[in-house]
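One letter stands for each residue in the lines below.
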Amino acid sequence: MMRHFFSCGRVVAAATALAFLAGCTTFSKDGGFNTVSTTASERLGKDALLVKTDEDREAVAKRTQELLSKPLSMDDTVQIALLNNRGLQASYGELGISEADLVQAGRLPNPGFTFSRAHGNDSLSINRTFTLSLLNVLTMPLATRIESRRFEQTKLLTADAMLKVAADARRAYVNAVAAQQSAAYAAQVKDSGEAGAELALRMQQAGNFSKLDYAREQAFYADAVAQLAKTRQQSVAAREKLTRTMGLWGAGTQYKLPDRLPDLPKDRPELKDLESFAMQNRLDIQAAKLQTQSVASSLGLSKATRFINALDVGYQNNFTTSDGHEQGYEISVEIPIFNWGGSKVARVEAIYMQSVNRVAETAINARSEVRESYSAYVTDYDVAKHYRDEVVPIRKTISDELMLRYNGMLASVFELLADSRDQVGAVNGYIDALKDYWLAETDLQQAVGGRLPPLAMASASSAPTTQPASSTDSEGK
């Protein structure tokens, strides 16, 4: 009996020492947010902030006001979204939840205490029992490692959510500026159509213009009015989407956008080995790998404990008036007669295979997304460059020649108006092509993990950007 006493004591002492060694997990100073802030700095060149205090809110408000004091650039929009997007701030809460689970996994289970007092046959019985879940103590180191991996996975997923918000902000900015630019040009076209319709009316009244030609001018003007209303509504919708992405409200919604999109880079950098770069750089792939490792650890834990689903160690101190004090230990073990834990292990093994296949699916989809987005990136750049270097300059040449003929009284004002109408498709085509390029670049950045390879980024940043004067002249016609 005494040997059993010391044996149980050594088991409890060893388990407690092991638990204390693994139970050193405490809350970190940054709450895991350092991964997000580092990712924002390294991949976007921006600041990410977890807003928790009034000082944080004041700092965000001040920084936002500084950025809103001038026409917004694409970089300014991304920075404002990272500071003010409430959905992004809500996703940061996953860090706190995951870290709390990690700390809880490293804490000793609370002991239990049972006390009973009973009378019978002129005797008094007092029972006092302290219990501790030995199984939780023994498996605590492994449970802590599992939760640690989950915490690391949460960090990566949260950082990936931040990159997605940044990409959404870039897309919303491109669409808003392009829609505003299209609306401004539609207003010019409408004014031109109105002038042509008024001149046609006067000439018809004077008997110098056919009814057919007059109807054509009126039809163009009517169509220009409808297109202006449509583009203005599209501009409002695109701007409001940008406002939501940036998380602005009240006076902050009165921000000013530039008149046109950023210029097309002079050269397009050659990007090689993008699939390999994406496999190493994408945070969702890294998070999926950690998820699989965590499930594998859970599988090992399930196999180790499937026969012992409940194991409690307790210290008893009983007293009766007839027998005096009684001391001892009790161990409660679930006997696997009906349930040998096979279903539990089978479930976890199925979850593991599910996780493995999802990692493979994520990698396959990522490679496909890289190829697709790179194809769009190359095509949209070439199309925009074609408009910039070929279509728009040709339209300008035609306009210049026609203006010389008009000044020499070899062309009429209606020929000038007809040429202006012909320019509508070229200018709108260039605006759309430039918009598509910036959207394609954003999609490519997101597909490879939030940034292009360093050499490509350096090449793009060093390339001069110029807006062809012909596009400005064409829009002014």
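Predicted model, so just to flag it, every value in this text is computed and none were measured. (Residues numbered from 1 in each chain as written. Predicted model: local features only at pLDDT ≥ 70, side-chain atom pairs only at ≥ 80, totals over all residues. Heavy atoms only, no water.)

## A look at the packing of helix 6 (residues 93-105) against helix 8 (residues 140-205)
1) Next: Following both chains from N to C, one finds helix 6 and helix 8 inclined at 170°, their axes separated by 8 Å at the closest point. Looking at the two axes, helix 6 sits roughly antiparallel to helix 8. Facing Glu-94, Leu-95, Ser-98, Glu-99, Asp-101, Leu-102 and Ala-105 of helix 6, the residues of helix 8 in contact are Met-140, Ala-143, Thr-144, Glu-147, Ser-148, Arg-150, Phe-151, Thr-154, Lys-155 and Thr-158.
2) Next: The residue makeup of the contact of helix 6 with helix 8, split by class, is six nonpolar, five polar and six charged. (Axes fitted to C-alpha atoms, helices over the stretch in contact; angles between N-to-C directions. Helix = DSSP H or I, 4+ residues; strand = E, 2+ residues; numbered from the N terminus. Parallel < 35°, antiparallel > 145°, perpendicular 65-115°, else oblique. Contact = heavy atoms within 4.5 Å. Nonpolar A, V, L, I, M, F, W, Y, C, P; charged D, E, K, R; others polar.)

## Regarding a nonpolar patch on the surface
1) Next: Residues Phe-113, Phe-115 and Phe-130 make up a contiguous nonpolar surface patch of roughly 330 Å² in combined accessible area.
2) Next: Structurally, Phe-115 can be placed in strand 1 (residues 112-120).
3) Next: What makes Phe-115 partly exposed here is its relative accessible area of 45%. (Patch = residues over 30% accessible without salt bridge, like charges linked within 9 Å, V, L, I, M, F, W, Y side chains within 5 Å. Areas by Shrake-Rupley, 256 points an atom, 1.4 Å probe, with all protein chains shown as cover. Salt bridge = Lys/Arg side-chain N within 4 Å of Asp/Glu carboxyl O. Buried < 20%, exposed > 50% of the residue type's maximum accessible area, 1.4 Å probe, protein only.)

## Observations concerning empty space enclosed by the protein
1) Next: Scanning all chains against the criterion turns up three cavities of 30 Å³ or more.
2) Next: Size it by volume and the largest cavity reaches roughly 60 Å³.
3) Next: If you go around the largest cavity, the residues you meet are Leu-44, Leu-163, Ala-166, Ala-167, Arg-170, Thr-442, Gln-445, Gln-446 and Gly-450.
4) Next: Counting residues per element, the ones that place at least two in the lining of the largest cavity are helix 8 and helix 13 (413-447). (1 Å grid on protein atoms, 1.4 Å probe; cavity = no way out; pocket = protein on both sides within 12 Å on 5 of 7 lines; lining within 4 Å. Points joined across faces, edges and corners; volume = space filled by probe spheres on them.)

## What about the packing of helix 8 against helix 9 (residues 211-246)?
1) Next: Close contact between helix 8 and helix 9 brings their axes to 7 Å; oriented N to C, the two are set at 160°. The angle between helix 8 and helix 9 falls in the class roughly antiparallel. Two packed elements cross with a definite hand, and for helix 8 against helix 9 that hand is left-handed.
2) Next: For the contact of helix 8 with helix 9, a count of residues per class yields 21 nonpolar, twelve polar and eight charged. (Left-handed = near helix turned anticlockwise from the far one by under 90°.)

## Focus: the pattern of salt bridges
1) Next: As enumerated under the stated definition, the model contains 18 salt bridges in all.
2) Next: Among the salt bridges present, the one from Asp-76 reaches Lys-70, with a minimum N-O distance of 3.6 Å.
3) Next: With relative accessibility at 11%, the residue Asp-76 sits in the buried group.
4) Next: The class of Lys-70 is partly exposed, set by a relative accessible area of 38%.
5) Next: Across the pair Glu-147 and Arg-150 runs a salt bridge whose closest N-O atoms are separated by 2.9 Å.

## Here's the deal with the nonpolar core
1) Next: In terms of nonpolar packing, the biggest core is built from 52 residues, with Leu-72, Leu-242, Tyr-255, Leu-257 and Val-448 touching the most fellow members.
2) Next: Counting residues per element, the ones that place at least two in this core are helix 3 (54-68), helix 4 (74-84), helix 8, helix 9, helix 10 (274-281), helix 12 (342-407) and helix 13.
3) Next: The dominant element in this core, judged by the number of residues it contributes, is helix 13, at twelve residues.
4) Next: Apart from the residues lying within four places of it in its own chain, the contact partners of Val-448 are Leu-274, Phe-277, Ala-278, Asn-281, Arg-282 and Val-370.
5) Next: Among the nonpolar cores identified, the runner-up in size contains 22 residues, and Met-162, Val-165, Leu-283 and Leu-290 belong to it. (Core = buried A, V, L, I, M, F, W, Y, C linked by side-chain atoms within 4.5 Å.)

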